[in-house]
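# Reading the structure
Letter by letter, the chains look like this.
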Amino acid sequence: MYPLEECKQEITQMLTDALASLQYPGDVHLETPPPGMGQYAFPCFTLAPVMKKAPQAIAATIAATLRPGGWVDRVEAKGGYVNFYLNPTRLTDATLHLILKRKDTYGWLEAHKEHVIIEHTSANPNGPLHVGRARNPIIGDTLVRLFKAAGYHVSSQFYLDDMGKQVAILAWGLKHLDPSTIPAPETDKDDHRLVGYYQRANELMEQNPSVAEEINTIIQGLEHGDPASLTMVHNAYAPVLAGIQTSLQRINIGVDAYVPESRFVLDGSVDAVIRKLKQTPYCHEEDGAFYLDVESFGIHGRNMKFFFLRKDGTTLYATRDVAYHQWKATQASALVNVLGEDHKLESRQVEIALTLLKTQPVPQAIFYSFVSLPGGKMSTRRGRVVYLDDLIEECIARAYEEVKQRRSEELSDQQMRTIAEQVGIGALRYNIIKVQPEKDIVFKWEEALNFEGNAVPFIQYAHARACSILAKASVTRHSFDASLLTHPSEMLLVEQLTRFPVVIDEACQNRRPNLIANYVYETAAAFNQFYRDCPVLSESNHVLRASRLSLVDAARIVLANALAILGIAAPKEM
RNA sequence: GGGCCUGUAGCCUAGACUGGAUAGGGCGACAGCCUCCUAAGCUGUAGGCCGCGGGUUCGAAUCCCGCCAGGCCCGCCA
């Protein structure tokens, strides 16, 4: 148990006892007061009407009943609140000891057995990843890291659509199109090289019914498990998928398993889903096709029919998705899916089907809205895109210019390139993860590449500063006296470091990775203020100097750990 | 036509689930701070009917209802 958890429990117990002895009703809900008013606050407003007394009077009565002790230094009634002030020395002492002992696992919650599968990215392998959906892998991977920090056993999955129209179009294009008619890509990366075939084939399909027919034949072949069709499509998308994997690795994202859709068609589980869905009372037939009537599940709109079987007997994406989720459900106690907001209806349909089939657990979806361009949304089909690879390169190039400007005197080109890579990629991930997933983002180069203020270099720089102090002091062994760290900037920094486990807990429980980004920014800001106010190396009091060095090391550890959850490098120098 | 999401200073954003103390930050603007641990930093100033209107409450950016604006969806596509 981490210090703040102990404090909260102790205060809750104190208050519960006090309320009981005063014969006041109600539960204890603690709040965090504004700075300077203690660490915990108990609002008395809800008691006022019941007790027929002013909240201020109630707060005073409760405060008078409480006797400080343990973690609690002092209790004070103020404006209808009972404020609790924790013993700063004890809190500092406990926090620093814990951080210096746990090091790169400080903040991590106790490990448990619960297994969660996080599905993310799952992009059609018909072209490079583009910025419009770039939030998906970044949110997904950050959730993976966050759940691990919160003690879960986690695995990530990429659901690979090797059965659908998109890959069939790509395969047709590769087979029939003359390479000289395809516009040359800017790189020789396979996903960029092949997307032109998809785009051209898509155009032809829209113009020419016979092309559409040929593509349909491929899809039919896939659905019936025809080996030739499967091989053709696999050979078409495999290099594209490899390109996507390379892009993901570039931004520190590894996926544990790529699960192909075809697996669930081939092993008969999709057939089983169809059989069982047909037996439910919600199933109806129309023109030889089958659907579930989902109106009674709260789905509204023009069409309340969830079709799961076409009249030609082939299945649909959502049907196969149901089979996939049944399979996933056997392996984990919780499922999380990171999906674009365009998948809301499909996701709900799958959820309804899973409920009808009595499958547990039902997946929980995290939806993000698309990144659009100032002129509208991105589209691979129409070629109106900014590719993730291009954005990565721009971020690194821009970061390189910044490092060069500042450090070309002291650092080698190799060192500057390493730093630029860390900063550029960090900037990309940070800019995306710091914003709530459901907010719309309009992509603008000048914003994406802005490296000042609430941006990753600010945080990485604070970390580098801490490393620099520690390197110059060359400490081998920590010894500190917590009672000397009394400067407001020191206390603020310690309080911030103390909160880290609470933040991880909250971010994970609410599935909100952006809280970690907020936290790491605030921590860096607290460190920079400490850096300004409290000279470390030049401090003449040896005990205070040593204590500050311990605090610097603790801050360094927390910044690095929080950045690790975000998948962002923590450079030792910048 | 219907459903879901979003709306906070010139721009971007936190806080909303779980209602509470003066709505935090950042960019941009203006004014300062390097003989001192990397100034990618720090300090200060200006800038807010928290989209609009009603309701619930001792108390609403937060909950409820109705509008308005933007995004997404309503296919035997994925």
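Residues numbered from 1 in each chain as written. Chains lettered and ligands numbered in written order. Predicted model: local features only at pLDDT ≥ 70, side-chain atom pairs only at ≥ 80, totals over all residues. Heavy atoms only, no water.

## Brief notes about the overall build of chain A
- Along the backbone of chain A there are 20 helices and 13 strands.
- Across its three principal directions, the C-alpha atoms of chain A cover 85 × 70 × 40 Å.
- The 574 residues of chain A split such that 52% are buried.
- The contacts in chain A between residues at least 6 apart in sequence include a share of 75% that link residues at least 24 apart. (Helix = DSSP H or I, 4+ residues; strand = E, 2+ residues; numbered from the N terminus. Buried < 20%, exposed > 50% of the residue type's maximum accessible area, 1.4 Å probe, protein only. Contact = heavy atoms within 4.5 Å.)

## Brief notes about the packing of helix α5 (residues 135-149) against helix α15 (residues 413-433)
- Contact pair α5 / α15: the axes reach a minimum separation of 10 Å and the direction vectors enclose 90°. Judged on the interaxial angle alone, α15 and α5 are roughly perpendicular. Listed contacts from α15 to Arg135, Ile138, Ile139, Asp141, Thr142 and Arg145 of α5 are Leu428, Arg429, Ile432 and Ile433.
- Residue composition of the contact of α5 with α15, grouped by class: 5 nonpolar, 1 polar and 4 charged. (Axes fitted to C-alpha atoms, helices over the stretch in contact; angles between N-to-C directions. Parallel < 35°, antiparallel > 145°, perpendicular 65-115°, else oblique. Nonpolar A, V, L, I, M, F, W, Y, C, P; charged D, E, K, R; others polar.)

## Examining the domain arrangement of chain A
- For chain A, the domain assignment lists domain 1 (3-86), domain 2 (120-372) and domain 3 (435-565).
- Here the C-alpha centre of domain 2 lies 53 Å away from the C-alpha centre of domain 1. (Domains from an automatic or database assignment.)

## Description of the nonpolar core
- Core analysis: the largest hydrophobic core is formed by 190 residues, its most contacted members being Phe42, Ile62, Val82 and Phe84.
- The element contributing the most residues to this core is helix α20 (residues 542-565), with 12 residues.
- Non-local contacts of phenylalanine 84, meaning those with residues more than four positions away in its chain, are made with Ile11, Met14, Leu15, Gly38, Gln39, Tyr40, Phe42, Leu66, Val72, Arg74 and Val75. (Core = buried A, V, L, I, M, F, W, Y, C linked by side-chain atoms within 4.5 Å.)

## Some points on the protein's contact with RNA strand B
- Taken together, 69 residues form the shell around RNA strand B, and within it Tyr81, Asp161, Gln436, Arg512 and Tyr531 come nearest.
- Here RNA strand B approaches the protein such that, of its atoms within 4 Å, sugar and phosphate make up 64%.
- In this structure, asparagine 454 approaches RNA strand B through a main-chain N or O atom, which is 3.0 Å from a sugar or linking oxygen.
- Of all elements in the fold, only β3 (81-86), α12 (317-329), α13 (344-356), α14 (388-407), α17 (456-473) and α19 (514-533) reach the threshold of two or more residues within the surface near RNA strand B.
- Taken together, the residues of the surface near RNA strand B break down into 25 nonpolar, 17 polar and 27 charged. (Near = heavy atom within 4 Å. Polar contact = N/O pair within 3.5 Å; in protein donor to acceptor, adjacent residues only side chain to side chain.)

## Some thoughts on helix α4 (residues 88-102)
- Taking 1.5 Å of rise per residue, the 15 residues of α4 would be expected to cover 21 Å, and the 21 Å separating its terminal C-alpha atoms lies within 8% of that figure.
- Within α4 the residues assigned to the buried category are Leu91, Thr92, Thr95, Leu96, Ile99 and Leu100. The arc that holds every buried residue of α4, seen down its axis, measures 140°, which confines them to one face.
- Each element contacted by the buried residues of α4 is listed here: α1 (3-22), β3, α18 (488-509) and α20.
- By the N-cap criterion, in which a side-chain oxygen at the helix start approaches the backbone nitrogen of a residue two or three places on, α4 is capped by asparagine 87, the distance to threonine 89 being 3.0 Å.
- Just beyond α4, the residue with positive phi is lysine 103, at close to 50°. (Expected span 1.5 Å × (residues − 1). Arc of directions from axis to C-beta.)

## Overview of unusual backbone geometry
- Along the chain, glutamine 360 connects to proline 361 via a cis peptide bond; the corresponding omega equals -5°.
- Turning to its location among the elements, proline 361 is positioned in the loop between α13 and β11 (364-368).
- One non-glycine residue with positive phi stands out, namely aspartate 287, at about 60°.
- By the secondary structure assignment, aspartate 287 is in the loop between β7 (283-286) and β8 (289-293).

## Focus: empty space enclosed by the protein
- Per the stated rule, a full pass over the model turns up 1 cavity of 30 Å³ or more.
- Approximately 80 Å³ is the volume attributed to the largest cavity.
- The wall of the largest cavity is formed by Glu119, Tyr317, Asp321, His325, Asn337, Leu339, Glu346, Ser347, Val350 and Pro363.
- Among the elements of the structure, α12, β10 (334-340) and α13 are those that each provide at least two residues to the lining of the largest cavity.
- A breakdown of the residues in the lining of the largest cavity according to their chemical character gives 4 nonpolar, 3 polar and 3 charged. (1 Å grid on protein atoms, 1.4 Å probe; cavity = no way out; pocket = protein on both sides within 12 Å on 5 of 7 lines; lining within 4 Å. Points joined across faces, edges and corners; volume = space filled by probe spheres on them.)

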